[in-house]
Structure formats: structure tokens, C-alpha cells
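Here's the letter readout for the chains.
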Amino acid sequence: MDRKRIAGLLSSTTGLALTVGIAFVIVIILIFVLSKEPGRAIYYFFVGPFTKSYYFGNMLNQSIGLIFTGLGIAVAFRSSTFNLGGEGQAYAGAMAATVICLSLPSLTGIVGGTAAILGAIATGAFLAGLSGFFRMRWGTDQLISSFLISAAVILIVNYLVTGPLDDPTNSMLTTARIGQQYQFLRIFKPSKLDISIVFAVAAAIATYFFMQRSHWGYEMRMCGINREFSRYAGINVAKYLMVPMAISGGFHGLAGAVAVMGTHYRCLKGVTAGLGWNGIAVALIAKNNPVAVIPAALFFAYLDAGARAAMLHADVTFELAKIAQAVIFFLVTAQALYGFFTTRKRVAA
Amino acid sequence: MSNTSFPIPMLHSTIRIMAPFLLAAIGGLFTELAGMLNIALEGLMLIGAFFSVIFAAATGSLFLGIALGIVASVLAAYIFGFISLHLRANIFITGLATNVFAEGLTMVLAFQIFGNKGVIRFANLPRLPVLSNPSLQRIPVLGDILVGHNILVYVSWLMVVLASIVIYKTAFGLRVRGTGSNPGAVEATGLSPRRYRMYAILISGFTCGLAGAILSLQLGAYVPGVTAGRGWIALVAIYLGNKTPLGILIACIVFGFAESLSNYAQGVIDVPADFILAFPYIITVVAMIAYSMIRHYRLRGSER
């Protein structure tokens, strides 16, 4: 590593540490202001997730979806394509997986489960790919179109969950339960942690090698750095307006499938809510590095788990996590905190 | 009889429903013209909604409630602007952060103050004054549709007029537009584009605060997540309205009508409410694609 890269790494690490530190300080101040037993609330917020294997397992479980959506966003951002429709793509993926599982009740878990996962990936990839296609073909603003399509899709999936696919035997707004054979193995009982965390970690590593070592990954990154230069270098830049979007959507669809088949076993209304937005934060904390997405997702899940533990054991509410996450969101792209060493690169157009 | 009277209340409620869209979108227009994608509208509205109803109930004064709701929203907008402009964070990400922050803050405060996270009703909350003028209401059709709304609805119309004047007829408006289209030129005249961006963000905070105040004060209660995506619809209206005040007004009428239809249509026409609510997004994405297609082929034509 040359000196410049070390300096860049150093300033981005101190920037991240500063960001997280400020978020924690704000949470602690808020707890002191709001709580009647601040010591207890602070203890459970920070240490709670590690006090019981149930909390710890659920924290790991929560990170799975975030790893997938974080990867999806990282791939898109690396290629300078903008996927703002993660929420809808994940939700549609969850619905697609549920529909496939429910319509194939008698297949074996492997065959039907694979079909459900592939269906979810295809659904997400199609929805995001649409925005890529419009931009490739006519230069339609990708940021806005992906958001608009996603917002419409969320409402349509809501209609399916509460309307034609609603389970009448259940008072919740949800579809029927998927078959036993499609439910992922739980590996850390009594928590909800399931086997898909292995896939998530493997996917992160595979994505890293795909982006760094493969022909497509290289061309995508080149387009991300400078699309005009890549055009002159003979790269098919139009293709890479769509491919990264489709990959990104595929990851979001997968996150939806995993939420259903690993955790909830049914498509509840809003089952993936927040996965898309938080995936963006996760990717940004990871600086769009696929392997760094894993700790970033764990960190986000940790904030949630800490707030949950604090709610159960003290007098503060779960939404404290949201404030901490918002502070991190606010500061994670603040270049002033990250020194001048890092390259100035704008994420959104 | 019911067939002929049915559209009138529906159009009347269209006018009521569109007011918050309109206000938020007009504020968002300033940031859009200044060259920023402002997705914080939703969060700023939520902050306005929460604090206006809390302060109105606490002080017993409608005016103070609205004013303090706006102050809270402008303050949040200032934080959003400060981090985006002075700490040079990506404005799109800080916009998301503002939305998450607003959601978290209102929930945490509601829980701490009232001990629950549900709907908070205020028994002695002053009602928004309603404009009722018998002689105006006697105007056929229009009188029924346009008269009899709370005053903030009329304020929102006034805002559209005011925004048109400021944007197109004042030096300030020209500078805001210049900041978006050619920041270098603004800088060359000795002005700071960053300052005009901040002004635009604060204006959006102001109008979103007012938009939020309408939402919660006409309910007379605070409902968690009361904005329910209205800030996003406002953003969408800016695009469908082609970034002009008049276009936004028309887009808001269309969206207001769609939502009003979804309330009235249940059982009358056989379209699920969710589909009607999805309509603003679908029509806007179609319009955007059509717009980019036209531009694409026109550019191509001129190259030949």
C-alpha cells in the first residue's frame, strides 16, 4: 500500500469512528434526558445483545437481510447506478417466494425452495432492471424511477397480502404459512437465527471476488469510476447501466425470500420494511466494499438489538435505535469528517 | 340524486387532501430548483405534524402551535442543510437520515411524554377555523367545492402564488434557480451558492412544517406516521409538475383526487384502494419515461 492509500484508510477509519462515537454520545444523552433509570438503560442498550443467547442469535439473524440488501446497494453504487427502490424489490421478493412456496405444497424442500429463491431473485432483478433499462434506453432518471416503481409495488403487494392472498384463519394481515419443508433450518435455538447466515457471508465473499476479479466486475467498476472513459476504452457502457441494477434488485429480492423462508414463514404486511433503506446505510458504512458489508450489517443489527434489550429491561423505547441509525446516516457521507485524503466521489447524481 | 351529489363531496375532499401535498411540494420546488434532490420532505412534515399538535395542545393556542411546529421543522431542515452543505455530506443520504430521524424522534418523544406509541388525542385542542361564507357558498358547484375548508388550505393556495412570484419575479428567485442550473455563474457574481441552497432548504422546512400542521391539526390528534408517504408524493408532484408552481398545483389536484377517490370509491367502483393509491407513482413514472423518450428522440433528431 502506498502512502496515499494508507492516509485515505486512516482518515476514513477515524471518520467512521467519529460518526459512530457521535451517534453513541447522542443516544447516551437522550437516555439521560428521557429515562428514570439511565444506568440500566445504557447498560442494556450497549451490552444487552450479548447477555442472552436469544438476543445474540436474533441480532445475527437480523443482520442477514441487511447483508443482502447492503451487497445489492454496494454493487449498484460501485457501478455508479442508483437503486432507490430496495424497499419495493425486497417486499416483492418476499411475496414471490411466498407465492411459489404456497403453490408448490408437495415438492421437496430443495427443489421448491430453490424455485422460490430464484423466483424472488428474478422478481427483484426485474423491478430494478426496469429502471436500468429506462436509463439505458432513454436516459430516464434512475434514482427517481426506481423509487417510484418501488413505491407502487409496495402498495400492490400490500393489496395482495391483505386481499386475495390473505389468510382468513389468521387475524394478522398475512398470507398463509409456507410448508415445513421450505422453512430454513434454525441453527441457534431458541433464537431465530437460521442457516441462511452462511449463505449471506458466502454471498459477500463471492461478490467481493466478482467485483474485484471477474471481467464483468472490472468493467462495472470502471464504469463506476468514469463512464465516459470506459466508453472510449471500448466497454459496453449501456449494458452496465442495467446489469448492476439487476444484480442489485436480485440481492434485494433474495433478502425478501430469506425474511420469509428463514424468519417469518409467511409474507406479513410490511415484512421487509426498512431493509431497503437500511441497506443503503450499511453499504455506505462499508464504503461499498462487499466484505465490509458484513460487519456494517452486524453493527446496524446490533443497534436494533441493543434498543430492543433496553426496551425490555428499562423504560426507554425501541425507536432509540432509529435515532442512533439516523445520526450515523447523517454523518456517514460527511466528507468534512473524513478528511481530504479520500477521493471526492458523489454517490447520488 | 345520489349520483349527482356524489362528485361534489369528493371534489371538496380533494381540495382538503391536496393542501399538505401542495405545501410540501412548493417548498421542495425551491430545493429542486437550487439543484438538490430533497427527499427529507416526508421527515420534515412529520416533525411539523408532531410538534404543532403538541404545542397547540400545550399552549391552547392554534397560532402558537402552528408557529412552533414550523420552527421545529425549520430547525430540522437547518440540521439537514448544515450537514449536507457545511459538512459536505451527500444530500440524498442526509435526506433519508432526516426521515429516519423524524420517525425515531417523534416515536421516542411520544412514548416518553404520553407513555404510549399509539394515537394521542387532545380533548381541548382548538379547531382550525373554517372559511364559511354563505354568499360564496351559494355559487353553484364551485361554492360547494372551494368554500368551507380550514384556513390553512387557503394559505396553501396563497403559497403557490407567492412561490411563483418569488421564483420568477425576484432577484432571490433568480439566484436560487441559478444555483441549480449554473452555480459557477452565481459564484462569479460574488454570491455564495451554498447560502442560497441553505435558504431553499429552510424554505422547504417552513412549508413542510405548515403541511404537517394541517395534517395533525385537522385530525385534532397525533397519529404516529401521520404523513404516510405524503412527503414522497409531494416530491413526485414536483417531477410530474415539471418543476413549475402551476404544474405542481395540477399534479397535486390529480393526486388529491386519486386519494379522495380511494376513500369514496370503496364499494362504488371495483378497484382496490391500494391500486388507486399506487396511481400517483405509476402515472409519474410513466410521465417521466415519456418525457425522457421525447427528449431522447428530439436530441437524436437534431443530431442528424
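You'll find the structure just up there.
Definitions and cut-offs
Residues numbered from 1 in each chain as written. Chains lettered and ligands numbered in written order. Predicted model: local features only at pLDDT ≥ 70, side-chain atom pairs only at ≥ 80, totals over all residues. Heavy atoms only, no water. Patch = residues over 30% accessible without salt bridge, like charges linked within 9 Å, V, L, I, M, F, W, Y side chains within 5 Å. Areas by Shrake-Rupley, 256 points an atom, 1.4 Å probe, with all protein chains shown as cover. Salt bridge = Lys/Arg side-chain N within 4 Å of Asp/Glu carboxyl O. Helix = DSSP H or I, 4+ residues; strand = E, 2+ residues; numbered from the N terminus. Buried < 20%, exposed > 50% of the residue type's maximum accessible area, 1.4 Å probe, protein only. Axes fitted to C-alpha atoms, helices over the stretch in contact; angles between N-to-C directions. Parallel < 35°, antiparallel > 145°, perpendicular 65-115°, else oblique. Left-handed = near helix turned anticlockwise from the far one by under 90°. Contact = heavy atoms within 4.5 Å. Nonpolar A, V, L, I, M, F, W, Y, C, P; charged D, E, K, R; others polar. Expected span 1.5 Å × (residues − 1). Core = buried A, V, L, I, M, F, W, Y, C linked by side-chain atoms within 4.5 Å. Buried area = accessible area lost by both parts, 1.4 Å probe.

Chemist: Before we go on, may I ask you to explain a nonpolar patch on the surface in this structure?
Modeler: A contiguous nonpolar surface patch, about 370 Å² in accessible area, is contributed by I156 of chain A together with V271, F275, I282 and V286 of chain B. With respect to the element layout, V271 of chain B can be found in the loop between α13 (245–264) and α14 (273–303). Residue V271 of chain B is classed as partly exposed on the basis of its relative accessible area, which comes to 37%.

Chemist: Can you help me understand the packing of helix α11 (residues 275–285) of chain A against helix α5 (residues 91–114) of chain B in this one?
Modeler: Two packed helices can be described by the angle between their axes and the distance between those axes. Contact pair α11 of chain A / α5 of chain B: the axes reach a minimum separation of 11 Å and the direction vectors enclose 130°. Classified by the angle between their axes, α11 of chain A and α5 of chain B sit oblique to one another. Crossing of α11 of chain A against α5 of chain B: the hand is left-handed. Between α11 of chain A and α5 of chain B, the contacting residues are W277, I280 and L284 of chain A on the first element and F92, I93 and L96 of chain B on the second. Each residue belonging to the contact of α11 of chain A with α5 of chain B can be placed in one class, and the counts come to six nonpolar, no polar and no charged.

Chemist: How should helix α11 (residues 193–219) of chain B be read in this particular structure?
Modeler: The α-helix advances 3.6 residues per turn, and as a result positions three or four apart in sequence lie on the same side. Residue and element names in this part refer to chain B. Look at α11: 39 Å from first C-alpha to last across 27 residues, which is about the 39 Å you get at 1.5 Å a residue. Summarising burial for α11: 19 of the 27 residues are buried, a large majority. Just past α11, the residue G220 takes up positive phi, approximately 70°.

Chemist: What's the story with the nonpolar core in this structure? I'm lost.
Modeler: If you look at the biggest cluster of nonpolar residues, it comprises 206 residues, and the most contacted ones within it are F45, F68, M261, I280 and F299 of chain A together with L217 and Y281 of chain B. Looking at this core, the element that brings in the most residues is helix α2 (residues 7–33) of chain B, giving 13 residues. Residues contacting F299 of chain A, with those up to four places away along its chain left out, are V20, F24, I285 and I328 of chain A.

Chemist: So what exactly am I meant to see when it comes to the interface of chain A and chain B here?
Modeler: Bring the parts together and some accessible area is lost; that lost area is often taken as the interface size. Taken together, the contact pairs 46 residues of chain A with 44 residues of chain B. For the pair chain A and chain B, the two sides together bury roughly 4,200 Å², of which 78% comes from carbon and sulfur. A per-residue breakdown of the area chain A buries against chain B is headed by W138, L148 and F330 of chain A, which together make up 18% of the total. The interface formed by chain A and chain B contains one salt bridge. Among the elements of the structure, α5 (109–138), α6 (142–162), α11 and α13 (320–332) of chain A are those that each provide at least two residues to the side of chain A that touches chain B. Per-element tally for the side of chain A that touches chain B: the top contributor is α6 of chain A, with 13 residues. Each residue belonging to the side of chain A that touches chain B can be placed in one class, and the counts come to 32 nonpolar, eight polar and six charged.

Chemist: What is the right way to read unusual backbone geometry from this model?
Modeler: For residues that are not glycine, phi is negative in most cases, and the peptide bond is trans in most cases. Cis rather than trans, the peptide bond between K189 of chain A and P190 of chain A has omega equal to 5°. Of note, the phi angle at N288 of chain A is positive, near 60°, even though the residue is not glycine. Of note, N288 of chain A is situated in the loop between α11 and α12 (293–313). In this model, K243 of chain B sits at a positive phi of 60°, which is unusual for a non-glycine residue. Assignment of secondary structure puts K243 of chain B in the loop between α12 (230–240) and α13.

Chemist: Hey, could you run me through the side chain of S150 of chain A in this one?
Modeler: Note on placement: S150 of chain A falls in helix α6. Relative accessible area serves as the criterion here: at 6%, S150 of chain A is assigned to the buried category.

Chemist: Can you help me understand the environment of G72 of chain A in this one?
Modeler: All names here are of chain A. If you trace the backbone, G72 turns up in helix α3 (residues 53–78). Classification of G72 by relative accessible area gives buried; the value is 0%. In this structure, the C-alpha to C-alpha distance between G72 and A255, residues 183 residues apart in sequence, is 9.5 Å. Setting aside anything within four residues of it in sequence, one finds G72 in contact with S248, F251 and H252.

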